Amino acid sequence: MKIKCFQVSSTGTVRDHNEDFVAFWEPEDFQQLQAIGSVAVLADGVGGEGNGDIASRLAVETVLAIFKETKPETALTGLVRQIFDEASAKIFQAAQKQGRMSTTLLISIFRDDKVTIAHVGDSRAYLIRAGKIKRMTTDHSYTSLQVKLGLLLERNAMTSQHRSTLTRCVGAEPFCHYDISTVALEKDDIILQCSDGLYGFVLDDEILDAVIKYHPGEACKRLIEQAERRQVSDNVSVQIIQ
């Protein structure tokens, strides 16, 4: 399964440092690539705790270290469980020495013409197929819970003062509860991963429009620029995998 990943991460127009961290990895050896696949990772360190950048980097480095050592016979469910268990434990342990820290964590593993998406927090994955965009993740946030319970309209969620308040994250405790799903991929499918700095300032239809109109690398650049023109108050990151 041959795929390409294009990614951009920006500090944004307000923050003085970037607490997002993104990465993509696949084996160079073709046989190994066929056996274990490839992985795209995005983490958004929780602001206000002082160590969000440390948490997001540690989460992504943990994912890559585990994935690179995985065996072909390892089931994806077991691999994902190991990834989130170890990431949670490592960040929690680091927090005992360096102060509170936590992060979102979103991974997409591509193997056997399927993508397995797992996440904690409010970073999002979208599937773009046949000119339509579909959200593949549920935000683990206070506003998302309010929308689900009918207490808040989705169109008002992005302007809520509780927009960035997470109900789940990685590192606040030595373990975490993650969501996981697998979908079969079709020809020309695109997976887009992003932090809330993007979808909080750029509508889903605008994301779709950029991906359809431009080369993936150019689409990443234009989406970041669009968020920044709207004075994005957060770091902003996007990955386009096709």
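Here goes a summary of the coordinates provided. Please read all numbers here as calculations on a predicted model, not as lab measurements.

### Observations regarding the nonpolar core
And step 1. In this structure, Val39, Val41, Phe84, Leu105, Ile107 and Val170 are the most contacted members of the largest nonpolar core, which totals 30 residues.
And step 2. Taken together, the elements giving at least two residues each to this core come down to strand S2 (20–25), strand S3 (38–44), helix H2 (52–68), helix H3 (76–98), strand S4 (105–111) and strand S5 (114–120).
And step 3. Residue contributions to this core peak at eight residues, all from H3.
And step 4. Setting aside chain neighbours within four positions, we find Val39 in contact with Ala23, Phe24, Trp25, Val63, Leu64, Phe67, Ile107, Ser108 and Ile109.

### Thoughts on helix H7 (residues 204–213)
And step 1. When we look at burial in H7, the residues that qualify are Ile207, Leu208, Ala210 and Val211. Summarising the axial view, the buried residues of H7 lie within an arc of 165 degrees, below the 170-degree limit, and thus occupy one face. Seen from the buried face of H7, the exposed residues on the opposite side, beyond 90 degrees, are Asp205, Ile212 and Lys213.
And step 2. Those residues of H7 that are buried are in contact with strand S6 (124–129), strand S7 (132–135), strand S9 (190–194), helix H6 (196–199), helix H8 (216–229) and strand S10 (236–241).

### Topic: the pattern of salt bridges
And step 1. Counting across every chain of the model gives 10 salt bridges.
And step 2. With a closest N to O distance of 3.6 Å, Glu186 and Arg129 form a salt bridge. Of this pair, Glu186 sits in the loop between strand S8 (179–184) and S9 while Arg129 sits in strand S6; the two residues are 57 residues apart in sequence, bridging distant segments of the chain.
And step 3. Looking at Glu186, the relative accessible area reads 49%, which means it is partly exposed.
And step 4. Here Asp179 and Arg168 are joined by a salt bridge, their closest N and O atoms 3.0 Å apart. Of this pair, Asp179 sits in strand S8 while Arg168 is found in the loop between helix H5 (154–157) and S8, placing the two residues 11 residues apart along the sequence.
And step 5. On the basis of relative accessible area, Arg168 is assigned to the partly exposed category, the value being 23%.
And step 6. It is possible to trace a salt-bridge network through shared partners that takes in Arg124, Asp139 and Asp204.

### Overview of the packing of H2 against H3
When two helices pack together, their arrangement is given by the angle between the helix axes and by the axis-to-axis distance.
And step 1. Taken N-terminus to C-terminus, the directions of H2 and H3 make an angle of 145 degrees; their axes are 9 Å apart at the nearest point. Of the two elements, H2 crosses H3, and the hand of that crossing is right-handed. Here Ile54, Ala55, Leu58, Ala59, Thr62, Val63, Ile66 and Phe67 of H2 come into contact with H3, specifically with Leu79, Gln82, Ile83, Glu86, Ala87, Lys90, Ile91, Ala94 and Gln98.
And step 2. Class assignment of the residues belonging to the contact of H2 with H3 gives a composition of 12 nonpolar, three polar and two charged.

Conventions and cut-offs
- Residues numbered from 1 in each chain as written.
- Predicted model: local features only at pLDDT ≥ 70, side-chain atom pairs only at ≥ 80, totals over all residues.
- Heavy atoms only, no water.
- Core = buried A, V, L, I, M, F, W, Y, C linked by side-chain atoms within 4.5 Å.
- Buried < 20%, exposed > 50% of the residue type's maximum accessible area, 1.4 Å probe, protein only.
- Helix = DSSP H or I, 4+ residues; strand = E, 2+ residues; numbered from the N terminus.
- Contact = heavy atoms within 4.5 Å.
- Arc of directions from axis to C-beta.
- Salt bridge = Lys/Arg side-chain N within 4 Å of Asp/Glu carboxyl O.
- Axes fitted to C-alpha atoms, helices over the stretch in contact; angles between N-to-C directions.
- Left-handed = near helix turned anticlockwise from the far one by under 90°.
- Nonpolar A, V, L, I, M, F, W, Y, C, P; charged D, E, K, R; others polar.

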